[in-house]
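Take a look at the letters that make up each chain.
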Amino acid sequence: MKKIFKLPVAFALLALALVSCSDDVDYELFTKYTYLLNNGWQENIKMEINDDNTVTLPVYFGVNGTTGNDKDITVKIAVDPDTLKDYNFDKYKNDTTAYYTMLPENCFSFDKDSYVLPKGKLSTQATCTINLETLKSTASIFNEYVLPLRIASSEGEPTGPSRYSKALFFINLSNVYSGTYSGTGRLQQIGTSYTSDAGGKQLYAISRDECYIYLGNADRSTTDNKKFIARLHFNEDGSIDVSAISPDIDLKPISGSYSFRFTQNANDSRKLARRTVVKLACEYTDVTDKYASVRIHYETTLTMNDDVMKADWPNAVISTDN
């Protein structure tokens, strides 16, 4: 029986070798279709806030296959709320408080109604502009927003399968202060000797010079988490103005400051290693238990290390100390 299978296998291997040795494949090996290059769940695309308080989201799409693109292909993009609805239910089931919110349609716009992928090109880009001022005036800047998109139509080549032609873009706003900070902090119940440790924090950008954090050990999973949001306004003199968005916690700011330290990046002469240090102190009411609310003194030092381009920081003072 072994001899029966050797010849077909040999022919198959020979055919594969001939295809792999050819630089130009003149016939289509796969089903050709248009697709979103960044498809599925997308949460790592940083959207830097511009001077006019807008952000720009690039949306890339292309055509697959082995024979290239021999025609102009016209693609239209549409909002896809049903995909976000399905994603929320699959991830959180009936816990609707944890659902991601769709970015309001009056807060964003595309640069064109349709996009042409020109003959000879395999990809092109759409540009979505998000207006944060509109978002602030019509909704809440503190929600977790997602922009769900799909290829609505494709003329010239068919639209690809759903998993390749739909995307959920998490609105990941960014400024020079935002990011993930490590930290050491302390929470003390005022009037008692009880203390506890507080760890690092995520600073979420909401404008060019503002971020927000969750106070103490609260985070986005905490019940009534928005009551524990503190807005941080970064001033040019290195100070930080701290304020609460909820009057329920009766926030009393004590101090706030930040500083940058730059050193030469050891691996890339175009970059600097940046250390950002944020120091905060305040008092607020812990309303987690409405029957046993207590005043909290919160003090923390937060540190973030990242790399930045020298061209973006022309006036940076570069330290030579280790």
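As a convention, each chain's residues are numbered from 1 in the sequence order in which they are written. Note on the predicted model: pLDDT of at least 70 is required for a residue's local features to be given, and 80 or more for side-chain atom pairs to be given and counted; whole-chain, interface and lining totals, by contrast, use all residues. Only hydrogens and water are set aside when side-chain values are computed; all heavy atoms of the structure are taken into account.

The quantity called pLDDT is the predictor's confidence in a given residue, expressed from 0 to 100. Considering every residue of the protein chain, the mean pLDDT works out to 89; 90% of them sit at 70 or more. Every residue pair with non-hydrogen atoms within 4.5 Å of one another is taken to be in contact. Across residues 1-24, confidence stays below pLDDT 50; counting only partners more than four residues off in sequence or on other chains, it has 2 contacts.

For Phe, Tyr and Trp, where Trp contributes only its six-membered ring, two rings pair if their centres lie within 6.5 Å, and the inter-plane angle classes them as stacked under 30 degrees, edge-to-face over 60, or tilted in between. This structure, assessed with the given rule, holds 23 aromatic pairs. Judged by centre distance (6.1 Å) and plane angle (45 degrees), the rings of Phe260 and Phe262 are tilted. Residue classification places Phe262 among the buried positions, given a relative accessible area of 6%. Put simply, the rings of Tyr177, Phe234, Tyr258, Phe260, Phe262 and Trp313 touch in pairs and so form one group of aromatic residues. By definition here, charges over rings are those cases where NZ of Lys or CZ of Arg is within 6 Å of the ring centre and within 35 degrees of the ring normal. Positioned above the aromatic ring of Phe89 is the side chain of Lys93, whose terminal nitrogen or guanidinium carbon lies 5.9 Å from the ring centre. The ring of Tyr204 carries the charged tip of Arg220 above its face, separated from the ring centre by 3.9 Å. With a 1.4 Å probe rolled over the protein chains alone, any residue whose accessible area is under 20% of its type maximum counts as buried; one over 50% counts as exposed, and the rest are partly exposed.

Before going further, it helps to examine the pairing of strand E11 (residues 166-170). With 4 of its 5 residues buried, E11 lies for the most part within the structure. Where strand E10 (residues 145-155) meets E11, 5 bridges bridge the pair, whose relative direction is antiparallel. Within the sheet, the bridge partner assigned to Leu147 lies in E11 and is Phe169. The numbering of helices and of strands both runs from the N terminus, where a helix is a DSSP run of H or I of at least 4 residues and a strand a run of E of at least 2. Pairing between two strands is assigned when DSSP locates at least 2 bridges connecting them.

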